[in-house]
Amino acid sequence: MSNNAIKVRITDTTLRDAHQSLWATRMRTDDILQIAETIDNAGFYSLECWGGATFDVCMRFLRENPWERLRQIKSVCKKTPLQMLFRGQNILGYKHYPDDIVERFTALACENGMDIFRVFDALNDPRNLEMAIKCVKKYGGHAQGTICYTTSPVHTVEKYVELAKEQEAMGVDSLCIKDMAGILTPGAARELVAALKKNLPEMPIQLHSHMTSGMAAAMYMAAVEAGAGCVDTAISTMSSFSSQPPTESIVSILESEGFDTGLDRQALVKINDYFKALKAKRQPSSSSKVEAVDAGVLIHAIPGGMISNLRSQLQQQDALDRLPEVLEELPKTRADMGYPPLVTPTSQIVGVQSVLNVLSGKRFSMVTDETKHYAAGYYGRTPAPIAPKLKKQLCGDLKPITCRPADLLKPGLVAAADAIPPNTIQAEEDILSYALFPEVALGYFKWRNTDPAKRDPIPADLEMAKAAAAAPTASAPAAQQKAADPAANVKGTPVLAPLNGTFYRSDAPGKPPMAADGAAVKAGDPVCVVEAMKLFNPIKATAAGKITFFVEHGKAVTKGQVIAAVE
């Protein structure tokens, strides 16, 4: 390669987005550490290894400390900057958090080894990026701004350039075009990158995409020719499908056109051999039979990480066979909700709402708390307005807002620290984990503080064992549990779990039950919550009278199970 060749940098996503897209984020810290040094020596621009779904999955399914994962990766990877996906005011969660939590999380992330923060907002609302970018700059990180790319009647090149200029004014160090669903065509990429380079000539431009539609490799080439200087790839075994384009192929394509990536091809061979062996242990059954290319994404625009999650969620509901119906419903739901780009948390909100629209049999008859708050403006401005009649239905008794959502939030750090039971936390980072994911963190802390000999099995291990034991009869345990339900013959009007999930008597940790045992309730009163697919579904009383509950707070329930009765 000539010394005069133009350098194109490569960010490796194998340790974050690739396994989130293909394996429902089930890679363990030990899996990473065994290959981390080789990856560090390969010559990548950065290693995306944290953020996105990795944080809560670490605690929820793997029973690991996400902060410890970051520290351990940093202790090995001393040459290559570490990178994370940061959801702006949502940080790593599905709602907005107060500014003090955003700031302290950013400070601790920098302290524990994070270098580059890709900051995005699912609605491309600049107000939701301000605090996160300010904090990244304050604590010495590289702030990468983001354009969440999508197509709709209201998304134009001019609007994207306007968004990029607003982020430039906030002080971002670089800009990423985030093509979550792999729907950015080569022609559109060339036009968008050229417009950005013309209007922001000094701004480094990076491209992120997924191979879902099969276009991403060609799109990267067009973007690089138009002036983009960095692209995201995954090692070949962890690439393609709903993941990123394969590193080895992109290197060959770029070098054949006279560009220089600086990657060590021998190191890439070693990395790929490692993940080829690991794949047999970690790939979930729900992702093993997917099509290599899903041209349907050009219609439904579902991002990579969301595809594997939708399959997993439907499998949990014993309804994987209804995936085609959900894919057909999803673009309709998205249009009804104002054409949001489909990236966490909007992908989860729109995706789960689409699942509920299909499973319930009547569109928007079941509405999650998150959909309600989205419609009311608590996630930011929707790209297009929601039809007034539907907006009123979705909002219910929640008053719509027009300000920056975080302006309504009181500082939350001290309250989070005070809410954690004594002798539970081991470090300040635990307080941030609790602030972001209260129930998940408490479950992990309880497990961590239990004598190792008496701990419950790791949920991800149980999941793997169940899949290996009886894939064809996966729905049998739920049916048996439902049949054996001791509350099935109770007197009164039953209240049924609408989905498989986790039952909660209160709508937040530390709060009193929404309805006390024996309390008088009216038909339609919210009386409990079932958390399913990471979103909270308020369950309403089915009649007026006295309510009796049959399930303990925090226990798993199955669809159709009687959780209470009103008599």
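The shown structure was predicted, so the numbers you read here are calculated from the model rather than taken from an experiment.

Colleague: Let's hear about the overall build of the chain: which residues, and what values?
Modeller: Secondary structure summary: the chain contains 23 helices and 18 strands in total. Projected onto the principal axes, the alpha-carbon positions of the chain cover approximately 80 × 55 × 45 Å. Across the 567 residues that make up the chain, the buried fraction comes to 56%. For the chain, the exposed surface amounts to about 22800 Å²; the carbon and sulfur share of it is 53%.

Colleague: A description of the side chain of Arg63 should follow, citing residues and the corresponding values.
Modeller: Locating Arg63 in the fold gives a position in the loop between helix H4 (54-60) and helix H5 (66-76). The side chain of Arg63 sits in the buried core without any salt bridge; Asp456 is the nearest counter-charge, 6.2 Å away. At a separation of 3.0 Å, a polar atom in the side chain of Arg63 contacts the main-chain carbonyl oxygen of Met59.

Colleague: So, the sheet that holds strand E17 (residues 556-557): which residues are in play, and what are the values?
Modeller: The strand order E15-E14-E12-E17 describes an open sheet built from 4 strands, whose pairing is antiparallel. Each edge of the open sheet carries a strand with a single partner, namely strand E15 (535-540) and E17.

Colleague: Outline the pairing of strand E8 (residues 205-208), supporting the account with residue identities and numerical values.
Modeller: Neither face of E8 is open: one carries Ile205 and Leu207, the other Gln206 and His208, and all of them are buried. Bridge count for strand E7 (residues 174-178) against E8 is 4 bridges, and the pairing is parallel. In the sheet register, Cys176 faces E8, and the bridge partner there is Gln206. For the segment spanning E7, helix H9 (residues 186-199) and E8, crossover handedness is right-handed. In the sheet, E8 pairs with strand E9 (residues 230-233) via 2 bridges, with the strands oriented parallel. When the sheet's bridge partners are listed, Leu207 is paired in E9 with Val231. Note that the unit made of E8, helix H10 (residues 216-225) and E9 has a crossover that is right-handed.

Colleague: Run through the packing of aromatic side chains, naming residues and quoting values.
Modeller: A full pass over the atoms with the stated rule returns 14 aromatic pairs. Centroid distance Trp50 to Phe55: 5.6 Å. Interplanar angle 75°. Geometry classified as edge-to-face. For Trp50, a relative accessible area of 0% gives the class buried. Here the aromatic rings of Tyr504 and Phe536 are separated by 6.3 Å at their centres, their planes lie at 35°, and the arrangement is tilted. Note that Tyr504 is positioned in strand E12 (residues 501-504) and Phe536 in strand E15, a separation of 32 residues in sequence.

Colleague: Which residues make up the pattern of salt bridges, and what values do they have?
Modeller: For the structure on display, the rule yields 28 salt bridges. A salt bridge links Lys511 to Asp507; the nearest nitrogen and oxygen atoms lie 3.7 Å apart. Its relative accessible area of 48% is what places Lys511 among the partly exposed residues. On the basis of relative accessible area, Asp507 is assigned to the partly exposed category, the value being 41%. Ionic contacts of the salt-bridge type, sharing partners, join the residues Arg16, Asp17 and Glu48 into one network.

Colleague: Outline the packing of H9 against H10, supporting the account with residue identities and numerical values.
Modeller: The N-to-C vectors of H9 and H10 enclose an angle of 25°; their axes lie 8 Å apart at closest approach. The orientation of H9 with respect to H10, classified from their angle, is roughly parallel. Between H9 and H10 lies a crossing of right-handed hand. Residue-level contacts link Pro186, Ala189, Arg190 and Val193 of H9 to Ala218, Met219, Ala222, Ala223 and Glu225 of H10. Each residue belonging to the contact of H9 with H10 can be placed in one class, and the counts come to 7 nonpolar, no polar and 2 charged.

Colleague: Give a description of helix H15 (residues 323-336) that names residues and reports values.
Modeller: Side chains of residues three or four places apart in an α-helix project in the same direction, reflecting 3.6 residues per turn. Under the 1.5 Å per step criterion, the end-to-end length of H15 is 20 Å for 14 residues, consistent within 8% with the ideal 20 Å. Of all the bends in H15, the largest measures some 30° and sits at Glu329, one to four residues before the proline Pro331. Of all the positions in H15, only Leu323, Val326, Glu329, Leu330, Thr333 and Arg334 are classed as buried. Once H15 finishes, Gly338 follows within two positions and takes phi at roughly 90°, a positive value.

Colleague: How would you sum up unusual backbone geometry? Please name residues and give values.
Modeller: Generally, phi is negative for residues other than glycine and the peptide bonds are trans, each holding for most cases. Cis peptide bonds are those with omega within 30 degrees of zero, and the linkage from Thr344 to Pro345 qualifies with 5°. Mapping Pro345 onto the fold places it in the loop between H15 and helix H16 (346-360). Unusually for a residue other than glycine, Ser240 sits at a positive phi of about 65°. Mapped onto the fold, Ser240 is located in the loop between E9 and helix H11 (247-256).

What counts and how
- Residues numbered from 1 in each chain as written.
- Predicted model: local features only at pLDDT ≥ 70, side-chain atom pairs only at ≥ 80, totals over all residues.
- Heavy atoms only, no water.
- Helix = DSSP H or I, 4+ residues; strand = E, 2+ residues; numbered from the N terminus.
- Buried < 20%, exposed > 50% of the residue type's maximum accessible area, 1.4 Å probe, protein only.
- Areas by Shrake-Rupley, 256 points an atom, 1.4 Å probe, with all protein chains shown as cover.
- Lys, Arg positive; Asp, Glu negative; His and termini not counted.
- Salt bridge = Lys/Arg side-chain N within 4 Å of Asp/Glu carboxyl O.
- Polar contact = N/O pair within 3.5 Å; in protein donor to acceptor, adjacent residues only side chain to side chain.
- Pairing = 2+ DSSP bridges.
- Right-handed = clockwise from strand over helix to strand, strands pointing away.
- Phe/Tyr/Trp six-rings, centres within 6.5 Å; stacked < 30°, edge-to-face > 60°.
- Axes fitted to C-alpha atoms, helices over the stretch in contact; angles between N-to-C directions.
- Parallel < 35°, antiparallel > 145°, perpendicular 65-115°, else oblique.
- Left-handed = near helix turned anticlockwise from the far one by under 90°.
- Contact = heavy atoms within 4.5 Å.
- Nonpolar A, V, L, I, M, F, W, Y, C, P; charged D, E, K, R; others polar.
- Expected span 1.5 Å × (residues − 1).
- Bend = angle between axes of the 7 residues up to and from the residue.

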